[in-house]
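Remarks on the overall topology
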Amino acid sequence: WISSKTGNQCASVSTDGQMLWWDTRRLGEPVDKLLLSADAKNPQGCPVLGGSSMEYNKEIPTKYLVGTEQGIVLSINLRNRKQNNGISVYDTGPGKHHGPIYSIQRNPAHNKFFMTIGDWTARIWMEDLKTPIMTTKYHKAYLTAGCWSPTRAGVFYVTRMDGVLDIWDYF
């Protein structure tokens, strides 16, 4: 759900590469749409990135973070739609995940920091930097989900495919 005057709007991403905004009173067609591409000026020359997870910033209602099937993080700012369709691409080299990003979440205490969960690692990012500032060790099992502690800024939780819950405290 996103902030709107009526309180009836929500946003979604999907693996077909579309980000859609919906009005729940009229679900027949989306209110707005955006193609998830690393280069919005030349979408034919650049592959469409399939969305697999999304985070919405309540404090800045035009800002979104999207994790993709390709392991790439996209920052979307609807106020900058004239510049590359508002899409900013994070590290596509060694900092990206090797598979889909299953979870993406902002730190509740420090909004500029966010976490991504994908492949065998969790990565902590800072919005101003385009590469991860911390990466967990590679686990033997895939990571399935993760979230920040609501009470301690430096603590986050990660679940693994083998049924283990890891608790990380990096302060």
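Once that is clear, we can look at the sheet that holds strand S3 (residues 32-35). With respect to topology, 3 strands assemble into an open sheet ordered S1-S2-S3, the strand pairing being antiparallel. Across the chains shown, the open sheet's two edge strands, defined by having one partner strand only, are strand S1 (9-13) and S3. Neighbour to neighbour, the strand axes of the sheet diverge by 15° on average, direction disregarded. Relative to S3, strand S2 (residues 18-23) is paired through 4 bridges, and the arrangement is antiparallel. Note on S3: the bridge partner recorded for leucine 20 is lysine 33.

Here the focus is the side chain of lysine 63. Among the structural elements, lysine 63 can be located in strand S5 (residues 63-68). Taking relative accessible area as the criterion, lysine 63 reaches 14% and is therefore assigned buried. If we ignore the near neighbours within four places in the chain, the residues touching lysine 63 are Glu55, Tyr56, Asn57, Ile76, Asn77, Arg106 and Glu127.

This brings us to the side chain of threonine 136. For threonine 136, the location among the structural elements is in the loop between strand S11 (132-135) and strand S12 (143-148). The class of threonine 136 is buried, set by a relative accessible area of 5%.

Okay, the pairing of S5 next. Taken across its 6 residues, S5 has 6 buried, putting it largely inside the fold. Where burial is concerned, the two faces of S5 agree: the one with Lys63, Leu65 and Gly67 and the one with Tyr64, Val66 and Thr68 are both buried. The pairing of strand S4 (residues 51-56) with S5 spans 5 bridges and is classified as antiparallel. Looking across to S5, one finds that glycine 51 is bridged to threonine 68. The pairing of S5 with strand S6 (residues 73-77) spans 5 bridges and is classified as antiparallel. From the neighbouring strand, leucine 65 faces S6, where its bridge partner is serine 75. Hairpin connection from S5 to S6: 4 residues lie between these consecutive antiparallel strands, with glycine 71 at a positive phi of about 85°.

Cut-offs applied
- Residues numbered from 1 in each chain as written.
- Predicted model: local features only at pLDDT ≥ 70, side-chain atom pairs only at ≥ 80, totals over all residues.
- Heavy atoms only, no water.
- Pairing = 2+ DSSP bridges.
- Helix = DSSP H or I, 4+ residues; strand = E, 2+ residues; numbered from the N terminus.
- Axes fitted to C-alpha atoms, helices over the stretch in contact; angles between N-to-C directions.
- Buried < 20%, exposed > 50% of the residue type's maximum accessible area, 1.4 Å probe, protein only.
- Contact = heavy atoms within 4.5 Å.

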